[in-house]
Amino acid sequence: MTLNNINGSNVNSFVVSRRCTLNTQRNLMNRGIILTALASILLLPIASSGQEDGGSGFLFYKPKASFGVRFGYAQPSASSDIFNYVRQQFTINTRDFAAATVAVDIAIRATERLDIVANIGTSESSTTSEYRDWVDGFQGYNKPIEQTTTFLRVPITLNLKLYLRDRGRSVSQFVWVPNRWSPYIGVGGGATWSKFRQEGRFVDYQTEDIFSGDLVSQGSGLTANFFSGIDFSIHPKWILNFEGRYSWAKTDMSGSYPNYTLDLSGLQGTAGFSILF
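One structure accompanies this document, and this report is about it. (Residues numbered from 1 in each chain as written. Predicted model: local features only at pLDDT ≥ 70, side-chain atom pairs only at ≥ 80, totals over all residues. Heavy atoms only, no water.)

Quick word on the overall build of the chain
Line of reasoning, step 1. Scanning the chain from N- to C-terminus turns up two helices and 11 strands.
Line of reasoning, step 2. Across the chain, helices and strands are ordered from the amino to the carboxyl terminus as α-β-α-β-β-β-β-β-β-β-β-β-β.
Line of reasoning, step 3. Split into buried and exposed, the 277 residues of the chain put 44% on the buried side.
Line of reasoning, step 4. Once local pairs closer than 6 in sequence are excluded, the contacts in the chain between residues at least 24 apart make up 73%.
Line of reasoning, step 5. For the chain, the accessible area works out to roughly 14200 Å², and carbon and sulfur atoms hold 59% of it. (Helix = DSSP H or I, 4+ residues; strand = E, 2+ residues; numbered from the N terminus. Buried < 20%, exposed > 50% of the residue type's maximum accessible area, 1.4 Å probe, protein only. Contact = heavy atoms within 4.5 Å. Areas by Shrake-Rupley, 256 points an atom, 1.4 Å probe, with all protein chains shown as cover.)

Shown next as structure tokens:
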């Protein structure tokens, strides 16, 4: 005896659409590349300008490092088989995995135009859903079978950040004046730790029972990222920053999802502040 859904089809008819997965991933990846590349192209006229513009104030030393915090919005590509399964079975779509993000950057100035940047960030979505085609018919009541899906990503990367123009100029042996704006591009890599969790009520298709469960997978995968942005000098020691970033990453799932792959890639846009040292 099999458990049939509301439309009368068998649950075992679910087939992962590999073509849909690849197309979704390519579309979001291409969108990220286009956005970051477009930002770089738009900033080139600024970078190529020969005019040195004085920023806000000056320092009695040339900065050697910076510490920054960025806040923004992260949209995962959500293109692997586990996301296909979740989207088909539950009332969840790709945008539901989007979340606020926060990142911390520690940069060491290698040259006037090149920084070495250590970065850690985090984003976590939490979505309440129910089965699209199954309900709890106990005692004749068609109650939704609900669960909550959370998706956590924590990327840790080391990056090279190349500024497209000098960030300032020395006007004497002791005085350094920042430029008003400094566009940049960058690449890097590292690892992304992740946790995928579904907690609530689920259907056992073998026994036709509804059970309460806490399904979890956590792990990490290698990460590569490309980014571009611009810094604005708002104070001799303070920088206002805007950045777009695309990351590539995936990992094999474990625990409650041993036969699935978790896509950790995605696009994010952030704004934040940095302090110079």
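Back to the write-up after that little detour.
Focus: the packing of aromatic side chains
Line of reasoning, step 1. With the rule as written, the count across this model stands at 16 aromatic pairs.
Line of reasoning, step 2. An angle of 85 degrees between the planes, with centres 5.6 Å apart, marks the rings of Phe196 and Tyr257 as edge-to-face. Within this pair, whereas Phe196 is found in strand 7 (residues 181-204), its partner Tyr257 is found in the loop between strand 9 (238-252) and strand 10 (261-263), the two being separated by 61 residues in sequence. Residue Phe196 shares its accessibility class with Tyr257, and that shared class is buried. (Phe/Tyr/Trp six-rings, centres within 6.5 Å; stacked < 30°, edge-to-face > 60°.)

Some words on the nonpolar core
Line of reasoning, step 1. Residues Ile82, Phe83, Val86, Phe97, Tyr131, Phe196 and Leu262 are the most contacted members of the largest nonpolar core, which totals 21 residues.
Line of reasoning, step 2. Elements with a minimum of two residues in this core: helix 2 (81-89), strand 3 (114-136), strand 4 (143-163) and strand 7.
Line of reasoning, step 3. For this core, the leading source of residues is helix 2, giving four residues.
Line of reasoning, step 4. In this structure Phe83 touches Ala78, Phe97, Phe151, Phe196, Leu262 and Asp263, once residues within four positions along its chain are discounted. (Core = buried A, V, L, I, M, F, W, Y, C linked by side-chain atoms within 4.5 Å.)

Quick look at the pattern of salt bridges
Line of reasoning, step 1. Taken as a whole and judged by the stated rule, the model has 10 salt bridges.
Line of reasoning, step 2. Two residues, Arg70 and Glu243, come together in a salt bridge whose shortest N-O distance is 3.4 Å. On the criterion of sequence distance, the pair formed by Arg70 in strand 1 (residues 65-76) and Glu243 in strand 9 is long-range, its members being 173 residues apart.
Line of reasoning, step 3. By sharing partners, the salt bridges in this structure join Arg70, Asp105, Glu243 and Arg245 into a single network. (Salt bridge = Lys/Arg side-chain N within 4 Å of Asp/Glu carboxyl O.)

So yeah, pure geometry; function would need other evidence.
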